Amino acid sequence: MDNRDVVSQAAGAFRAAVQALAESLPNGFVEHGPGGALLAFTRSRIPALNGIVSVAAAPDTTEIGLLCENAAKQAQGLPWSIRLRGKPEGALVRLAVAHGLGTVSQQPFMLRRLTGDRGVTGSGGATGLVRPLRSDESQTFAEVLGGAFGAPPAIITSLYTPAVLSLPFVHAYLAEVDGEPVAAGLGIVTEQHVGLANIGTLPAYRRLGLARAITNGIVRDATHAGARVAYLHSSEEAVPLFERAGFHIEESWTAFTP
């Protein structure tokens, strides 16, 4: 299997993870376009988990347009997004803007191959301990991530409810310093892939290796569970962190948000 196939399969695993989350929620919504693009609403306050995901090398503007019409009906005031591989053509940009998605950002898509990587080092940092989230800690998870990303915890709890955090394919973690939760993150395991998301550390505890420790903990446990590739969408600022954890940029995605 060449590298393009590995990247395409990881992109498909991301689409599958978004679909699995939406389908697991009582009010979630999933629809497929004729070309395989996904329209999914978790009905959270997180735009990336409401809207359209296309993993086609060349997204079909007509298909995306049809799904946009349905997304606008489903949104009912919720923020939503369009996420595509690569750099879209002008017609797609105009389509997104016409639906109120005028903020355009590029997101590095990073991969780490895990085959033979069962010896991933470090579930904890030099001064911290990484452990799986307990079933009664959903609010703690939200408070840590809210503080890490400067967002109200209610945005986090709008998706990561106790029921979602208890799903068998969702694996959430906390990092503690002196018994105090100060960093968090999660992995979603589908199709022999693990997608990493929402890895953040409270500002006062950054540069202690805690985010990398959580990353390694997620990857280690997913590898033991049979995952062969880890993937994530990174911000530009976080790329060096994930490169130190063994990830490499494979391509860039485009996100259209309000």
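One can find the structure itself at the top, above this paragraph.
Because the structure is predicted, anything quoted here is derived from the model rather than measured.

J.: Sorry, what's going on with the overall build of the chain here?
T.: The secondary structure content of the chain amounts to 8 helices and 11 strands. Reported as C-alpha extents along the three principal axes, the dimensions of the chain are approximately 55 × 40 × 30 Å. In the chain, once contacts between residues fewer than 6 apart in sequence are set aside, the share between residues at least 24 apart is 71%. Of the roughly 11,400 Å² of accessible surface on the chain, a fraction of 53% belongs to carbon and sulfur atoms. Put simply, the chain has 20 plus and 22 minus side-chain charges, and the middle of one group is 2 Å from the middle of the other.

J.: Is there a simple way to think about unusual backbone geometry in this case?
T.: Apart from glycine, the bulk of residues carry a negative phi angle, and the bulk of peptide bonds sit in the trans form. Phi is positive for aspartate 178, which is not a glycine, with a value near 55 degrees. Note on placement: aspartate 178 falls in the loop between β7 (170–177) and β8 (180–190). Residue classification places aspartate 178 among the exposed positions, given a relative accessible area of 80%.

J.: What am I meant to see in helix α4 (residues 138–149) here?
T.: Turn by turn, an α-helix covers 3.6 residues, leaving residues three or four places apart pointing in a common direction. Compared with an ideal rise of 1.5 Å per residue, which puts 12 residues at 16 Å, α4 spans 16 Å between its outermost C-alpha atoms and is within 8% of the ideal. Contact partners of the buried residues in α4: α5 (153–157), α6 (162–165), β7, β8 and β9 (193–201). Backbone geometry just after α4 places glycine 150 at a positive phi near 65 degrees.

J.: Just to check I follow, could you spell out the pairing of strand β11 (residues 248–257) for this structure?
T.: Working note: regular strand, side chains alternate between the two faces of the sheet. The pairing of strand β4 (residues 81–85) with β11 spans 4 bridges and is antiparallel. Of the residues in β11, the one forming a bridge with arginine 83 is alanine 255. The sheet contact formed by strand β5 (residues 103–113) and β11 spans 9 bridges and is antiparallel. Looking across to β11, one finds that serine 105 is bridged to alanine 255.

J.: Looking at this model, I keep getting lost on the side chain of serine 234. Mind explaining?
T.: Looking at where serine 234 falls in the secondary structure, it is placed in the loop between β10 (229–233) and α8 (239–244). Residue class for serine 234 comes out buried when judged on its relative accessible area of 4%. Within the structure, the side chain of serine 234 is placed 3.4 Å from the backbone nitrogen of valine 239, a separation counted as a polar contact. The contact partners of serine 234, leaving out residues within four places of it in the chain, are Gln107, Pro108, Met110, Val239 and Phe242.

J.: Mind showing me how you'd approach the sheet that holds β9 here?
T.: Note on sheets: strands pair through backbone hydrogen bonds, and any given pair is parallel or antiparallel. Pairing is mixed across the open sheet formed by 11 strands, whose spatial order is β1-β2-β3-β4-β11-β5-β10-β9-β8-β7-β6. The open sheet has two edge strands with one neighbour each: β1 (29–32) and β6 (129–132). Neighbouring strand axes in the sheet, compared pairwise and without regard to direction, differ in orientation by 25 degrees on average. For β1 and strand β2 (residues 38–41), the ladder comprises 4 bridges, and the chain directions are antiparallel.

J.: Sorry if this is basic, but what is going on with the packing of helix α2 (residues 61–75) against helix α3 (residues 90–98) here?
T.: Packed helix pairs are specified by the crossing angle of their axes together with the interaxial distance, meaning the distance between the axes. Two elements in contact, α2 and α3, have axes separated by 10 Å at closest approach and are oriented at 5 degrees. One way to sum up the angle between α2 and α3 is to call them roughly parallel. Touching Thr61, Ile64, Gly65 and Cys68 of α2 are Ala91, Leu92 and Leu95, all from α3. Here the residues of the contact of α2 with α3 are counted per class, giving 5 nonpolar, 2 polar and no charged.

J.: Would you mind showing me how to read the pattern of salt bridges here?
T.: Any two side chains of opposite charge can pair, so long as their charged atoms come close to each other. All chains considered together, the criterion is met by 8 salt bridges. Among the ionic pairs, glutamate 176 bridges to arginine 131, the shortest N-O distance being 2.8 Å. Separated by 45 residues along the polypeptide, glutamate 176 in strand β7 and arginine 131 in strand β6 bring together distant segments of the chain. Of the residues examined, glutamate 176 reaches a relative accessible area of 15% and is grouped as buried. For arginine 131, a relative accessible area of 15% puts it in the buried group. A salt bridge links aspartate 221 to arginine 220; the nearest nitrogen and oxygen atoms lie 2.8 Å apart. With relative accessibility at 26%, the residue aspartate 221 sits in the partly exposed group. A relative accessible area of 23% means that arginine 220 is categorised as partly exposed. Linked by salt bridges that have partners in common, Arg131, Arg134, Asp136, Glu137 and Glu176 make up one network.

About the cut-offs
Residues numbered from 1 in each chain as written. Predicted model: local features only at pLDDT ≥ 70, side-chain atom pairs only at ≥ 80, totals over all residues. Heavy atoms only, no water. Helix = DSSP H or I, 4+ residues; strand = E, 2+ residues; numbered from the N terminus. Contact = heavy atoms within 4.5 Å. Areas by Shrake-Rupley, 256 points an atom, 1.4 Å probe, with all protein chains shown as cover. Lys, Arg positive; Asp, Glu negative; His and termini not counted. Charge placed at Lys NZ, Arg CZ, Asp CG, Glu CD. Buried < 20%, exposed > 50% of the residue type's maximum accessible area, 1.4 Å probe, protein only. Expected span 1.5 Å × (residues − 1). Pairing = 2+ DSSP bridges. Polar contact = N/O pair within 3.5 Å; in protein donor to acceptor, adjacent residues only side chain to side chain. Axes fitted to C-alpha atoms, helices over the stretch in contact; angles between N-to-C directions. Parallel < 35°, antiparallel > 145°, perpendicular 65-115°, else oblique. Nonpolar A, V, L, I, M, F, W, Y, C, P; charged D, E, K, R; others polar. Salt bridge = Lys/Arg side-chain N within 4 Å of Asp/Glu carboxyl O.

Everything listed is a geometric property; what it means functionally is a separate question.
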